[in-house]
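Summary of the model geometry
The chain contents come next:
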Amino acid sequence: MPTNFRLITIPVSHYSEKARWALEYLQVPFQELAHMPPFHRNATKKYGGTSVPVLITDTGAATDSTDILRYLDRLYPEKLYPSDPRLQLLGTELEILFNGTLGIHTRRWGYSYILTPKFLYPRWTLGVPFWEKLLFPIIFPRVGKIVRSSFDITDTSAAESAHAVKVVFDRVNRLLADGRKYLLGDRFSAIDITFAALAAPILQPPEHRIKPAPLDSLPTQMQADILTAQATPAGKFGLSLYREHRYPSS
Ligand SMILES: N[C@@H](CCC(=O)N[C@@H](CS)C(=O)NCC(=O)O)C(=O)O
């Protein structure tokens, strides 16, 4: 059995949150190595990664959040993924939708509103080495520009991404309409973790490691988008996953 689990993250990264949730859910002891952008790059590159999260053990590394969940699933008796092939099919479809659309657009939506030092300082620096914190004011102008261009933040990106999130939430609403408890039926799974973690930027669950900013401190349209998302069946479901499954051992 591998030992010495370490998870390289950016504190606010929702793909990192997905891996962190799986590790904590399975009660795997691990050390979080949080870094502020762009310092995560130095930390990940020696393991062959370019993004966070990266999971390192004494036997190797996994450089993608889904690979991390699937690796943990193989390692531990408590299953994150279903064994029924029909559920596996639905699970894979949803996993691709959440990773490839939901996560991309909740992040773009969020950064469209809060790409400012005031909002990003606590979100990028929680738990990072002190010298990275000290460098935040110096490097923010440059890194902020990189984030703006790499995530395609424009005057219309918040509205476009809010729409893309709504399309994913509509899919989840339709699934939940038959009264199922979890996305794949009766059992909590990796697909629920993936949905809730990647929806977290727009749902602002109070149980999240990064505590939500007071609603009235956020831009008005951002507040409206959050309230709209929280009021949908998918939004209520995501919030309930945080309430009931985020820290099962505490
Ligand atoms: N497919 C990757 C995506 C991860 C991802 O997009 N991570 C972002 C943070 S949320 C990141 O590392 N961005 C900085 C970079 O790419 O340098 C996964 O699921 O692990």
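Here we summarise the structure given alongside this text. (Residues numbered from 1 in each chain as written. Predicted model: local features only at pLDDT ≥ 70, side-chain atom pairs only at ≥ 80, totals over all residues. Heavy atoms only, no water.)

For Ile8, the location among the structural elements is in strand β1 (residues 5-9). Given a relative accessible area of 2%, Ile8 falls into the buried group. As for Ile8 and Ala34, which are separated by 26 residues in sequence, their C-alpha atoms are 5.8 Å apart. Apart from residues no more than four positions distant in its own chain, Ile8 is found in contact with Leu33, His35, Ala43, Thr44, Tyr47, Val52, Pro53, Val54 and Ile56. (Helix = DSSP H or I, 4+ residues; strand = E, 2+ residues; numbered from the N terminus. Buried < 20%, exposed > 50% of the residue type's maximum accessible area, 1.4 Å probe, protein only. Contact = heavy atoms within 4.5 Å.)

Let us now look at the site of the ligand. As a matter of local geometry, the ligand sits amid Ser13, His14, Tyr15, His40, Arg41, Thr50, Ser51, Val52, Pro53, Asp64, Ser65 and Arg107. Note that an oxygen atom of the ligand is positioned 2.7 Å from one of the side-chain N or O atoms of His40. The contact in question runs from an oxygen atom of the ligand to an N or O atom on the side chain of Arg41, over 2.6 Å. In this structure, the ligand is accommodated by the largest pocket. When contributions to the shell around the ligand are tallied by element, the ones reaching two or more residues are α1 (14-25) and α2 (39-45). Considered class by class, the residues forming the shell around the ligand number three nonpolar, six polar and three charged. (Near = heavy atom within 4 Å. Polar contact = N/O pair within 3.5 Å; in protein donor to acceptor, adjacent residues only side chain to side chain. 1 Å grid on protein atoms, 1.4 Å probe; cavity = no way out; pocket = protein on both sides within 12 Å on 5 of 7 lines; lining within 4 Å. Sits in = over half its atoms within 2 Å of the grid points. Nonpolar A, V, L, I, M, F, W, Y, C, P; charged D, E, K, R; others polar.)

Generally speaking, nonpolar side chains in soluble globular proteins are found buried as a group. Leu72, Leu80, Phe98, Trp124, Phe169, Leu183 and Phe195 are the most contacted members of the largest nonpolar core, which has 79 residues in total. Viewed by domain, this core spans two of them, domain 1 (5-75) and domain 2 (85-245), each represented by three or more residues. Each residue touching Leu72, except ones within four places of it in the same chain, is listed here: Phe5, Ala22, Leu23, Leu26, Leu55 and Leu80. (Core = buried A, V, L, I, M, F, W, Y, C linked by side-chain atoms within 4.5 Å. Domains from an automatic or database assignment.)

We now examine the pattern of salt bridges. Side chains that differ in charge, positive against negative, can pair when their charged atoms come close. According to the stated counting rule, one finds 13 salt bridges in the structure shown. A salt bridge links Glu17 to Arg246, with the shortest nitrogen-to-oxygen separation between them at 2.9 Å. Here Glu17 is found in helix α1, whereas its partner Arg246 is found in the segment after α10 (233-245), with 229 residues between them in sequence. The pair Glu17 / Arg246 is uniform in exposure class, with both members buried. Through salt bridges that share partners, Glu17, Arg20, Glu24, Glu32, Arg209 and Arg246 make up one connected network. (Salt bridge = Lys/Arg side-chain N within 4 Å of Asp/Glu carboxyl O.)

What follows is about the layout of surface pockets. The computed volume of the largest pocket comes to approximately 960 Å³. Surrounding the largest pocket, 43 residues form its lining, Val12, Ser13, Arg107, Tyr111 and Phe151 being those nearest its centre. Of all the secondary-structure elements, those providing two or more residues to the lining of the largest pocket are α1, α2, α3 (65-75), α4 (85-114), α5 (117-125), α6 (130-150) and α8 (190-203). Looking at the lining of the largest pocket, the element that brings in the most residues is α4, giving seven residues. For the lining of the largest pocket, the residue count by class is 24 nonpolar, 14 polar and five charged. (Points joined across faces, edges and corners; volume = space filled by probe spheres on them.)

Quick look at the sheet that holds β1 now. A sheet is described by the order of its strands in space; here four strands give the open sequence β2-β1-β3-β4, paired in mixed fashion. Single-partner strands in this sheet number two, and they are β2 (30-34) and β4 (60-62). The mean inter-strand angle of the sheet, taken between neighbouring strand axes irrespective of direction, is 20°. Of the pairings in the sheet, the one linking strand β3 (residues 54-57) to β4 comprises three bridges and is antiparallel in character. Bridge pairing links Thr57 to Gly60 in β4. Lying over the sheet, α1 contacts β1, β2 and β3, oriented at roughly 155° with respect to β1. Against the sheet, α3 contacts β1, β3 and β4, and its axis sits at roughly 35° relative to β3. (Pairing = 2+ DSSP bridges. Axes fitted to C-alpha atoms, helices over the stretch in contact; angles between N-to-C directions.)

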